[in-house]
Amino acid sequence: MKTLLRMFALCGLLTSIRLLNAADDVPDWVRQAAAQTVPTYSAKVNSVVLLHEEAVTIAADGSRVMHERGVVKVLQSSGDKIEAYRVYDTKAGRVRDFQGWLIPPSGKPSVYGKNRIIDVALSTEYVYDEARAKVLDFGNQPPGSVMAWDITEEEKSLFTQDSFRFQAREPVIRSRFTLTVPANWETRGLVFNHDALEPQVSGNTSTWELRDLPWIEREEFSPSTNELAPRLVVSYFPPAGNTAGLQGLKDWSAVSSYLSTLVDPSADMNDTIRAKAAELTANANSDLDKISAIAKFVQQTHYVEISLNVLRGGGYTPHRASDSLVKNYGDCKDKATLMRSLLKAVGVESYLTTITSGERSYVRPEWASPTQFNHAIIAVRVSGEIELPTVLATEHLGRLLIFDPTSAFTPLGDLPESEQGSYALVIAGAQGALLKMPLLPPDSRRVESSISATMDPNGRLQARVERQYFGQSSVSLRAVQKMRGDEDLKKRMERTFTRRVGGTTLNTVVAEDHPEDHRVNLNVDMSAEQFGQVMQGKLLVVRPGLLSNTGEYFFATRQRSNPVRLEADLRRDVIHIKLPEGFKLDEYPRPAEVKSPYGTLTASWKVSGGEILMEQSLQVNDITVPASDFSKVRDFFDKVAGAQGAPVVLVKQ
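Positions within a chain are numbered from 1, following the residues in the order the chain's sequence is written. With pLDDT at 70 or above as the cut-off, local features in this predicted model cover only qualifying residues; side-chain atom pairs require 80 or more to be listed or tallied, and sums for whole chains, interfaces and linings still use all residues. The basis for every side-chain value is the complete set of non-hydrogen atoms in the structure, without hydrogens or water.

## Considering the overall build of the chain
- Helix and strand counts for the chain come out as 10 helices and 39 strands.
- Principal axes of the C-alpha set define a box for the chain whose edges measure 90 × 75 × 40 Å.
- Only protein chains enter the calculation, and the probe is 1.4 Å; a residue is then buried if its accessible area is under 20% of its type maximum, exposed if over 50%, and partly exposed in between. Counting only residues that meet the buried cut, the chain has 53% of its 653 residues in that class.
- We call two residues in contact whenever any of their non-hydrogen atoms come within 4.5 Å of each other. Contacts in the chain between residues at least 24 apart in sequence constitute 74% of all its contacts with a sequence separation of at least 6. Going along the chain from the N terminus, every DSSP run of H or I of four or more residues is numbered as a helix, and every run of E of two or more is numbered as a strand.

Written out as structure tokens, the structure is:
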């Protein structure tokens, strides 16, 4: 499945389009937008959106005509190309008209006709996709250039809902969405990431407008623009009993009831399904054994991306489970449906569950809409005897075990990290509900390291690193090893160590997979030419914490525009470094303990038995911190970096 949200994007594809000079054809609305006075922005801002608007008109049968306009001005050279981009469904609609204009800082304006628009696939990874895009590439224009476009699209959809992004990242002077519905229809709108915004209403037309939206800077460890940029979602409700058979989706129960009619029939059983279920569970002694055996089988079913007419419900309609079993492939909803059917054959009830993969904060519970999801998983009804971290207790459906059969490296009892803590819709007729998925504790994805090292009098280090990656921390290692091989895994680890310890060479890297407890053991033999620093010919300064594995939260700047997004993490390190012959301890750091809302650090150092021993534990909390508190976040991680770089001083005897 792919997201059904209409995309407005200014991004880059490499296409060469000739310009046709036709100055008289530039519309007045383009010239008026281009004549505006532009505010002074940061030197980092490359372009500004002078105008972005979309007008949608709904017919009584639910079909809609969408008219989009945009005007962008280049402020400084950046090397980035600017595009107008429109996604459409080949089965449910068409782009009826698309044209563009270029007003250069000097010379004659130019027109881009219909024959200059290219039609492209959304992705080369889809086996089949009925959605495509029309693209107008304006290229890389000099500062002062103004580009504009005008697009008209027609579409017939089952969904009586729409959405509009007021901005991407660029600053916006004026952004507007207008919705016109037939008489006696109801309209509801919500604006996310902005103060409440009431529409201007004239008859059957509602207009939402925002002006002077500031630039959204791209910063590390920030939420996505879906959480930062204002966006509008609208639902429009036809009268009951309308002749087109359209259903207004006013709450999540209504969405679940509607989607059940699309997803449930495909999970029916036949003799092939029953035989396979019996084979898979022949040695199972409990319901958990049955669920586990079926889950492992479905995870091995080949995944392919198939997107069929999403606007007409095809994005939610799985292939029949028996067909997916015979063909041994399917997309996420097919795999979830196959698992549902196999479970049904052994007496276990389950429900297809829709979620957004890759962005846990995307789905908003305030808007009951099936268009918020891009992925399908499964909720399995279980008894009180089954205790796993991903079991939820619900009011109407009992205890549900949440599982993603598409994630090949995530076993039963765990969930992909991007899905944890997000909202998902359990599709179960009128009893269906939007539920918040389990958020597993940091201990479930911890990384534990044990390092034994020797060092010579010149500071050269030889070390044996043994790390255990548990839960979701092990998934990327499994994926790299299986899909790219051991050599690629070695290169990845070399980059990790080199960032912290210069002159590093990894001699061997061996990964041992332990799927029985969702763990990967990584054994590394490494050397570093200048780990210790020789000073004045008699002192040797050693920083043991540089060998620790403490994540990637480093902040180079002292100013921040956006919130900071921290994800739960737990790293523990025990580091042994044998003293070089002829050296003794001169000085070592005091124990460190830092507690904050963002995490906790403990670290200690001592020298005994002829070796340096450092023990460190760093837990990062799952939290989004406002930009106003950035200095506190930075202070916490500065203290973490300080502990990692704390010196142990040895003196030559």
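Picking up where we left off.
## Regarding the nonpolar core
- What makes a nonpolar core is a set of buried Ala, Val, Leu, Ile, Met, Phe, Trp, Tyr and Cys residues whose side-chain atoms join them at distances within 4.5 Å. With 53 residues, the main nonpolar core has L461, M493, F531, L547, I577 and F637 as its most contacted residues.
- It is helix 10 (residues 630-644) that provides the largest number of residues to this core, a total of 6 residues.
- Beyond its immediate chain neighbours, meaning those up to four positions away, F531 contacts M455, G459, L461, V501, V541, V542, R543, P544, L546, L547 and I577.
- One finds M66, L136, V172 and W185 within the second-largest nonpolar core, a separate group that totals 34 residues.

## Observations concerning the sheet that holds strand 4 (residues 82-89)
- For two strands to be treated as a pair, DSSP must find at least two bridges joining them. A sheet is described by the order of its strands in space; here 3 strands give the open sequence 4-9-7, paired in antiparallel fashion. The open sheet has two free edges, formed respectively by strand 4 and strand 7 (118-121), since each of these has just one partner strand. Here the strands of the sheet are splayed against their neighbours by 30 degrees on average, with no regard to which way each runs.
- With 4 bridges connecting them, strand 7 and strand 9 (residues 131-139) associate as antiparallel partners. Within strand 9, the position partnered with I118 by the bridge is V135. All axes here are fitted lines through C-alpha atoms, helices being fitted over the stretch that makes contact, and every angle between N-to-C directions spans 0 to 180 degrees.

## Overview of the pairing of strand 33 (residues 569-578)
- Relative to strand 33, strand 26 (residues 447-455) runs parallel, the two sharing 8 bridges. Across the sheet, E448 pairs through a bridge with R572, a residue of strand 33.
- Pairing of strand 33 with strand 37 (residues 611-620), which is carried by 10 bridges, proceeds in the antiparallel orientation. Across the sheet, residue R572 finds its bridge partner in strand 37, namely S617.

## Some points on the pattern of salt bridges
- For salt bridges, the criterion is a side-chain nitrogen of Lys or Arg within 4 Å of an Asp or Glu carboxyl oxygen. With the rule as written, the count across this model stands at 43 salt bridges.
- Between E154 and R96 there is a salt bridge whose closest N-O contact spans 2.7 Å. Of this pair, E154 sits in strand 10 (residues 146-156) while R96 is found in strand 5 (residues 93-103), placing the two residues 58 residues apart along the sequence.
- The exposure class assigned to E154 is partly exposed, which follows from its relative accessible area of 22%.
- With a closest N to O distance of 3.0 Å, E448 and R572 form a salt bridge.

## Here we look at the sheet that holds strand 31 (residues 539-542)
- One open sheet accounts for 4 strands, arranged 30-31-39-34; its pairing is antiparallel. Each end of this open sheet is capped by a strand with a single partner; those strands are strand 30 (533-535) and strand 34 (583-587). Ignoring which end each strand starts from, the neighbouring axes of this sheet average 35 degrees apart.
- Looking at chain direction, strand 31 and strand 39 (residues 648-652) are connected through 4 bridges and run antiparallel. Among the inter-strand pairings, V541 is bridged to a residue of strand 39, identified as V649.

## Quick notes on the pairing of strand 37
- Note that strand 36 (residues 599-608) and strand 37 share 10 bridges and pair antiparallel. The residue of strand 37 that forms the bridge with T600 is Q619.
- The hairpin formed by strand 36 and strand 37 contains 2 residues between the paired strands, and G609 there has a positive phi angle of roughly 60 degrees.

## Concerning the packing of aromatic side chains
- Any two of the Phe, Tyr and Trp rings considered here, Trp counted by its six-membered ring, make a pair once their centres fall within 6.5 Å; the pair's planes then place it as stacked at under 30 degrees, edge-to-face at over 60, or tilted in between. Tallying each qualifying case throughout the model produces 14 aromatic pairs.
- Ring centres 6.3 Å apart and planes at 45 degrees place the aromatic pair F138 and W149 in the tilted group. Of this pair, F138 sits in strand 9 while W149 sits in strand 10, and the two are 11 residues apart along the sequence. The residues F138 and W149 share a single accessibility class, namely buried.
- A network of ring pairs unites the aromatic residues F221, Y553, F555, F630, F636 and F637 as a single cluster.
- Each ring is checked for a lysine NZ or an arginine CZ that lies within 6 Å of its centre and within 35 degrees of its normal; such an atom marks a charge sitting over the ring. For the cation-ring pair, K250 lies above F237, with the distance from its terminal atom to the ring centre recorded as 5.2 Å.
- The ring of F470 has R446 sitting right over it, with the charged end atom 3.8 Å from the ring centre.

## Points about helix 7 (residues 332-345)
- One fewer than the residue count of a helix, multiplied by 1.5 Å, yields its expected span. Over its 14 residues, helix 7 runs 20 Å from end to end, which matches the ideal 20 Å to within 8%, given 1.5 Å per residue.
- Of the residues one or two after helix 7, G347 is the one with positive phi, at around 85 degrees.

These values are about where atoms sit, not about what they do.
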